[in-house]
Amino acid sequence: MEQRRHEKRRAGGCLVGCVVAVLLWSGASAQIRYSISEEVNEGTVVGNVAKNLGLDKNTLRDRKYRIVSSNADPLFHVNPNDGILYVSRKIDREEVCAQSSTCLINLKTVLENPLEVHYVGVEVLDINDHSPSFPEKEIMLEISESVLSGARFQLKASRDRDSGHFSVQQYKLSHNDHFRLEVKDKGEDGKIPILVVQKPLDRETAGSHSLLLTAMDGGKPPKSGDMNILVKVLDVNDNVPVFTKDVYSVMLDENAPVGTTITQVNATDLDDGPNGDVVYSFSKSMNQNIMNLFDINPLTGEITVKNLIDYEEKDKFEIEIQASDKGLAPLTTEKSVIIKIVDVNDNAPEIEVTSFSSSIPEDSRPGTTVALISVNDLDSGLNGKVICSIGEDASFALSPSLQDKMYSLVTKSQLDREKQHLYDLTIMAKDAGQPPLSSEKTISVVVSDVNDNSPEFSQSPYTFYVTEANEPGTSVFSVKAFDRDENDNALISYRILRDGSEENKLTSFLNINTENGDILALKSFDFETLKTFRFQVVATDSGTPSLSNNVTVNVFILDQNDNAPVILYPVSSNGSAEGVEEIPRNVNAGHLVTKVRAYDADIGYNGWLLFSLQQVTDHSLFGLDRYTGQIRTLRSFTETDEAEHKLVILVKDNGNVSLSATATVIVKLVEPKEAFAASDIKSATKDDEEGDVTFYLMITLGSVSVLFLISIIVLIAMQCSKTTDYTSKYLQDTNYDGTLCHSIQYRSGDKRYMLVGPRMSIGSTIVPGSHANTLVLPDRRRASVEVREF
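No experiment lies behind these values; they were computed from the predicted model shown. (Residues numbered from 1 in each chain as written. Predicted model: local features only at pLDDT ≥ 70, side-chain atom pairs only at ≥ 80, totals over all residues. Heavy atoms only, no water.)

1. Focus: the packing of aromatic side chains
For any pair of aromatic rings, the description consists of the separation of the ring centres together with the inter-plane angle of the planes. Filter applied, for reference: Note on aromatic contacts: the rings of Phe and Tyr and the six-membered ring of Trp form a pair at centre separations within 6.5 Å, being stacked when their planes are under 30 degrees apart, edge-to-face when over 60 apart, and tilted otherwise. Counting from the N terminus, the helices are the DSSP runs of H or I reaching at least four residues and the strands are the DSSP runs of E reaching at least two. Working definition: with a 1.4 Å probe on protein chains only, accessible area under 20% of the residue-type maximum means buried, over 50% means exposed, and in between means partly exposed.
Counted according to the given criterion, the structure contains 12 aromatic pairs. Where Phe464 meets Phe477, the ring centres are 4.4 Å apart and the plane angle is 5°; that geometry is what we call stacked. A residue pair is termed long-range when its members are at least 10 positions apart, and Phe464 in strand S34 (residues 462-467) and Phe477 in strand S35 (residues 475-478) qualify at 13 residues. Here Phe464 falls in the buried class, since its relative accessible area comes to 15%.

2. Digging into the sheet that holds strand S5 (residues 76-78)
Put simply, the rule reads: When DSSP locates at least two bridges between a pair of strands, those strands are taken to pair. In this analysis, axes come from line fits to C-alpha atoms, helices being fitted only over the stretch in contact, and the angle between any two N-to-C directions falls in the range 0 to 180 degrees.
With respect to topology, 3 strands assemble into an open sheet ordered S3-S6-S5, the strand pairing being antiparallel. Single-partner strands in this sheet number two, and they are strand S3 (45-48) and S5. Neighbour-to-neighbour, the strand axes of the sheet open up by a mean angle of 20°, direction not taken into account. Sheet topology note: the S3/strand S6 (residues 84-87) ladder contains 3 bridges and is antiparallel. Paired with Gly47 across the strands is Leu85, a residue of S6.

3. Quick word on the sheet that holds strand S32 (residues 438-448)
Overall, mixed pairing links the 4 strands, which are arranged S26-S32-S31-S28 in an open sheet. The sheet is open, and its two borders are formed by strand S26 (359-361) and strand S28 (386-390), each paired with just one other strand. Averaged over all neighbouring strand pairs, the angle between strand axes comes to 30°, with direction disregarded. As paired elements, strand S31 (residues 422-431) and S32 share 9 bridges and run antiparallel to each other. Each bridged residue has a counterpart across the sheet, and for Thr426 the counterpart in S32 is Thr442.

4. A short note on unusual backbone geometry
The amide bond that connects Asn113 to the next residue, Pro114, takes the cis arrangement and shows omega of 0°. Cis peptide bonds are those with omega within 30 degrees of zero, and the linkage from Lys220 to Pro221 qualifies with 0°. In this structure, Asn487 is a non-glycine residue whose phi angle is positive, near 55°.

5. Notes on the pattern of salt bridges
Note the cut-off: By convention in these notes, a salt bridge is any Lys or Arg side-chain nitrogen within 4 Å of a carboxyl oxygen on Asp or Glu.
Per the counting criterion, the structure on display carries 14 salt bridges. Look at the salt bridges and you will find they share partners, linking Arg417, Glu418, Asp449 and Glu486 into a network.

6. A word on the pairing of strand S49 (residues 644-652)
Bridge count between strand S46 (residues 610-616) and S49: 6 bridges; the pairing is antiparallel. Bridge pairing links Gln615 to Val648 in S49.

Shown next as structure tokens:
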């Protein structure tokens, strides 16, 4: 019944968790300490870390609160949503901490953004879950009958895997008149039972004694273990060996070679013969692990190294040496040999990288934490003092933490991904031992991109030449921009700036492909209407926030032969190109019959007109000037010549594919008197018809003349006010007045262009690809100019 009540109390303790939180605050980080009993069930609550740290649930989730552990099967886990620390599996204190008096498990917990480390200590409290046990269930002791009262016999100690109060606390010996029990407390090695003779033995009365030794721990109720002791009484050997020294204490370097002699013990026995021969051995109560490390020569008492000894595991050993004689009832004396281990520098520093951010934005401020570096050296003293450093890199540095052997890897200067996107950093740790040992660890830090570069155009400004009469909806030219950022920050979209200004009014007829910068014309351009215009294109990346840049695009329209010649004279009343000319029959050769006038809206060669006779009744009578369109007689008329002649004149331009028009002139031959009479009749009729408008015509002509003179004066003044280094000279032809000419000048880069009609300037050159209508004016500011006459 008592045991069941105990189990119920234990189960209740498991549910409650036996949680005791002790907050130890120091510097910038907090040390939280909890206590929990071993063997509690999986999922038992240890404590509310978030509550103790003053953190709310949103902070835990957003900052990814977690335990940093290299153990594949951790003992504890924390709920990232509420910050409660739970037991992950059953904890056996004896497995985790062996015989340590205090079993403290340190946990490292981390909050991100910003990085914050909190240390949590969980002390595992022992429960009485193991009973004491002896190495042997039954032992036999041989004791001489001559042994004196007070003789002591050390027995094998009972071992209990529990620690502290639940370890072996007392021994009990069954009642016997000849023996009593004493207990020797050896601290970490526990309590050793010693059998003491309290009354002289008489072999003839009792040849042996059976005893029961019971070991009990400090539990409530206590647990126990028994060992049967059989004492066999021997005769006569009544002197025990005696050691020559009272205290044996030596120093031994760790990692001493196997077979190294540590020290030598010596004991003497006053008995003679086998009863005085002494042999040495380790005490039966010694720990088996110690016996695996050391060896003793049974004859000489020389203690040697049996296996390599590690200072980091244990720095001090107490060995019980037993000296026994060879009597029939051997007498034994024990002596402790204390061996202190001297540390040597045999452990290189260990580097551990925690909370590592493999990627860091390039706009991170100097001092931004990239990772936490912890270094550890299992050696002690100077051998365990570690200096941590980083390779020569101007962008990163190690910053010592408040906690010993902890460093923060931080940025030292501003980063620029476009200059360097990857850093391979070597962390070096070196101890202060002689000779020093060191270790290295390399980590890679990737610099992530931020949108800090605006798009850049390949040219600024752009200049394009577009032939008129282009097909609407097709691409006429394109712009290109690039961005030194990457991914979305380098993804560029294009648009045309449409601000409604007068300069950008033509942008409504343009469209741009937002992905590749191809620009489409939504209508066909007409050189005769529009010769040049400009607009702006904006390139914007897809970053957040986005960056943009703009460029000016200059467009020049090139002329094509898309206008046919127009006949200005002769023109009949119904609008057709027909006319009737009457000339006297007695005119001489070379007489000007009439002049065909025509106009072409194109520029340059496309507007340069040539005249030819397509049809004539008599080729010997009339001739046509191919440049001026003048029709003259080639000879005098005779009586046999017909009175009426029909001439069809073909007018065509000089385009690559020439366009043409025709005019018909009817020439009638009349007698001189009839010609003069007809002329007088026409004049009289005109005088009658125009008598009323003569006055108004004179006023109109006078007004036009005055305006023309004013315009000429203004133009001359404007020309005089300009500072130019070039002049244009035109060929003067008094006989040429049949073709109307046009000219326009513009500049592109360091060249100046003139679009002209059929007469070109002296010293001009034809630009290739200009369809013979664009002239480059020579720049006389240069030392030499290549001139070609056309």
